[in-house]
Amino acid sequence: MIMPVTTTIAVLLGILALPLSVYVTLQRVRVGKSVGELTAAAFGPHPDIKLTAAMRAHGNLMEYAAFGLILIGLAEAHGAEAVWLWPVGIAFVAGRWLHAFAMLTNPYPPALRGVAMVTTYAVIVCPCLYLGLQLFKGFQG
């Protein structure tokens, strides 16, 4: 089964995931060099604010991207109309990109992060409602 919406959303999130992953690595190396031990921040958090922001921007994407993609993919597989699924998917991508930008911006703009998270939450609710209705219809036969 070809799932163009889910596939497109996965690609756009993957394009964001790679630079965030590399940025975390670079921040870990920077912190390690600054304290004279390259592995000083290799295995977890460190009090460095730039490293923490990079880790959370990356971690937040990873936490929400998989769940959002599963829900969007299930909705698409269950016949959700592209006319509403495309805007949901694009809103999800926009929210994730905006969140990463907000997390890595100094000074930190909490309003941008708030908008990004509200968008993400709304995008999770939409496929859940659709799938719940499909499930309910299935029970009614």
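Below, the structure is looked at part by part. Numbering of residues starts from 1 in each chain and follows the order in which that chain's sequence is written. The model is predicted, so local features are restricted to residues of pLDDT at least 70 and side-chain atom pairs to those at 80 or more, both for listing and for counting; the totals for chains, interfaces and linings are taken over all residues. Note: side-chain values were computed over all heavy atoms of the structure, leaving out hydrogens and water.

Concerning the pattern of salt bridges
Note that side chains of opposite charge can pair when their charged atoms are close. Worth spelling out the cut-off: What counts as a salt bridge is simple: a side-chain nitrogen of Lys or Arg found within 4 Å of a carboxyl oxygen of Asp or Glu. Going along the chain from the N terminus, every DSSP run of H or I of four or more residues is numbered as a helix, and every run of E of two or more is numbered as a strand. Burial classes follow relative accessibility: with a 1.4 Å probe on protein chains only, a residue under 20% of its type's maximum area counts as buried, one over 50% as exposed, and anything between as partly exposed.
Within this structure, the stated rule accounts for two salt bridges. Ionic pairing is found between D48 and R30, a salt bridge with its closest N-O pair at 2.4 Å. A residue pair is termed long-range when its members are at least 10 positions apart, and D48 in the loop between helix 1 (4-35) and helix 2 (49-77) and R30 in helix 1 qualify at 18 residues. The salt bridge partner of R56 is E63, with a shortest N-O separation of 3.1 Å. Residue R56 is classed as partly exposed on the basis of its relative accessible area of 35%.

Examining helix 2
The test is simple: Helix span, as expected, comes to 1.5 Å for every residue beyond the first. Definition of a polar contact: a pair of N or O atoms within 3.5 Å, with one able to donate and the other able to accept a hydrogen when the atoms are protein atoms, and with sequence-neighbouring residues admitted only if both atoms are side-chain atoms.
Along its 29 residues, helix 2 runs 41 Å from first to last C-alpha, staying within 8% of the 42 Å computed at 1.5 Å per residue. Where helix 2 begins, one side-chain oxygen reaches toward the backbone nitrogen of K50, 3.2 Å away; that side chain belongs to D48. One or two residues past the end of helix 2 sits G79, with phi positive at roughly 90°.

What to know about the nonpolar core
Within soluble globular proteins, side chains that are nonpolar generally end up buried alongside one another. Under the convention used in this document: Take the buried Ala, Val, Leu, Ile, Met, Phe, Trp, Tyr and Cys residues and link them wherever side-chain atoms come within 4.5 Å; each set so joined is a nonpolar core. In what follows, a contact means two residues having at least one pair of non-hydrogen atoms within 4.5 Å.
Residues I9, L13, L20, L61, I72, L85 and F92 are the most contacted members of the largest nonpolar core, which totals 24 residues. Mapped onto this core, the elements with two or more residues apiece are helix 1, helix 2, helix 3 (82-104) and helix 4 (110-140). Of the residues forming this core, the biggest block, seven residues, is contributed by helix 2. Here F92 is in contact with I9, L13, Y64, A65, G68, L69, I72, T120 and V123, once residues within four sequence places are set aside. Residues V24, L51, A54 and M55 belong to the second largest nonpolar core, which totals six residues.

Overview of the layout of surface pockets
Convention followed: A cavity, in this analysis, means grid points on a 1 Å lattice covering only the protein atoms where a 1.4 Å probe fits yet has no way out; a pocket is instead an open set bounded by protein on both sides within 12 Å along at least five of seven lines, and a residue lines either one if it has an atom within 4 Å of a point. Grid points are joined across faces, edges and corners, and a volume is the space filled by probe spheres set on the points.
Taken as a whole, the largest pocket encloses approximately 250 Å³ of empty space. Every residue along the wall of the largest pocket is listed here: Y23, I49, K50, T52, A53, A54, M103, L104, T105, N106, Y108 and R113. Mapped onto the lining of the largest pocket, the elements with two or more residues apiece are helix 2 and helix 3.

Things to note about the packing of helix 2 against helix 3
Where we set the bar: Helix axes are fitted only over the stretch in contact, all axes being lines through C-alpha atoms; the angle between N-to-C directions runs from 0 to 180 degrees. The scheme is simple: roughly parallel for angles under 35 degrees, roughly antiparallel for over 145, roughly perpendicular for 65 to 115, oblique for anything else. Following the grouping adopted for this structure description, the nonpolar residues are Ala, Val, Leu, Ile, Met, Phe, Trp, Tyr, Cys and Pro, the charged ones are Asp, Glu, Lys and Arg, and the polar ones are all others, Gly among them.
Remark: helix 2 packs on helix 3, axes separated minimally by 9 Å, with the N-to-C direction vectors making an angle of 175°. Relative to helix 3, the element helix 2 lies roughly antiparallel. In terms of residue class, the contact of helix 2 with helix 3 is made up of 15 nonpolar, four polar and three charged.

Description of unusual backbone geometry
Geometrically, the link from N106 to P107 is a cis peptide bond, its omega value of 5° lying close to zero. Looking at the secondary structure, you find P107 in the loop between helix 3 and helix 4.

What about a nonpolar patch on the surface?
Keep this limit in mind: Every patch collects residues that have over 30% relative accessible area and no salt bridge, joining them within 9 Å if they carry like charges and within 5 Å if they are nonpolar side chains (Val, Leu, Ile, Met, Phe, Trp, Tyr). The Shrake-Rupley method, run with a 1.4 Å probe sphere, supplies the accessible areas, and residue values consider only the shown protein chains as cover.
Nonpolar side chains collect at one region of the surface, where V11, I15 and W97 lie side by side and expose about 280 Å² of accessible area between them. The topology assignment puts W97 in helix 3. Judged by its relative accessible area of 39%, W97 is partly exposed.

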